[in-house]
Amino acid sequence: MRELELSDGVITLSPLRPEDAEAHLAGEDEESVRWLSGGRSTPETVEAYLRHCREQWDTAGPLHAFGIRAGERGDLAGTVDLRFVQTYLAPGQVNVAYGLYPSWRGRGLATRAVRLVCGYATRTGAREAVIRVEPGNGASAAVARRAGFAPGKHTFEQDGTRHDWYLRSLNRPDGEE
């Protein structure tokens, strides 16, 4: 499964791998900590996360984490992942999460990545994609809307954090994404 590549001709998605550790750590900034990871990473935590991602691919686990690769050299520009099992998901739903490193933002790459993983999720049998966004994260909400998601319900975490849900049906009559 680690040889999997998804591409639209501008970006390529492929499973995260150990050699992505340095670029992943270097790409972390205050926005990614605030909206995605919830805390500063260290070389050890990044390596542990990438090992976990590899194990999930190797065992067909519920996490499918991709590196977003762009540019002529296929540089790591960010990540996008699918989580097929979460307590808040209904059967057939998949959670989509994404983040770009600062130098790659504002180019439409996150929208492309979300569209690509939605096609992949459709082929794996998912029926609906879910993006959960904190209300202050306007950039992430804009990605969801550009990728064809519609506003859904609002939920609150135990700590009071609100999430606005964006939903996209993955059921296509012609079988396409």
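Residues numbered from 1 in each chain as written. Predicted model: local features only at pLDDT ≥ 70, side-chain atom pairs only at ≥ 80, totals over all residues. Heavy atoms only, no water.

Q: How should I be thinking about unusual backbone geometry in this particular structure?
A: The phi torsion of most residues other than glycine is negative, and most of the peptide bonds are trans. Phi at A60 takes a positive value of approximately 55°, unusual for a residue other than glycine. Take A60: it is sitting in the loop between α3 (43-58) and β3 (63-70). Its relative accessible area of 66% is what places A60 among the exposed residues. (Helix = DSSP H or I, 4+ residues; strand = E, 2+ residues; numbered from the N terminus. Buried < 20%, exposed > 50% of the residue type's maximum accessible area, 1.4 Å probe, protein only.)

Q: Sorry if this is basic, but what is going on with the sheet that holds strand β4 (residues 75-83) here?
A: Two orientations exist for strands paired in a sheet by backbone hydrogen bonds: parallel and antiparallel. Read from one edge of the open sheet, 8 strands run β1-β2-β3-β4-β5-β6-β8-β7, paired in mixed fashion. Looking at the sheet topology across the chains shown, the edges are occupied by β1 (6-7) and β7 (150-156). In this structure, β4 lies alongside strand β5 (residues 93-100), joined through 6 bridges in antiparallel fashion. Opposite V80, over in β5, you have Y98 as the bridge partner. Taken strand by strand, α3 contacts β2 (11-15), β3 and β4, and its axis lies near 115° from that of β3. (Pairing = 2+ DSSP bridges. Contact = heavy atoms within 4.5 Å. Axes fitted to C-alpha atoms, helices over the stretch in contact; angles between N-to-C directions.)

Q: Honestly, the side chain of R69 in this entry has me stumped. Any pointers?
A: If you trace the backbone, R69 turns up in strand β3. A relative accessible area of 7% means that R69 is categorised as buried. Within the structure, R69 has its side chain in polar contact with the side chain of S14 (distance 2.6 Å). A polar contact of 2.7 Å, which involves the side chain of R69, links it to the side chain of D20. For R69, the residues in contact, after removing those within four places along its chain, are V10, I11, T12, S14, P15, L16, R17, D20, G74, D75 and L76. (Polar contact = N/O pair within 3.5 Å; in protein donor to acceptor, adjacent residues only side chain to side chain.)

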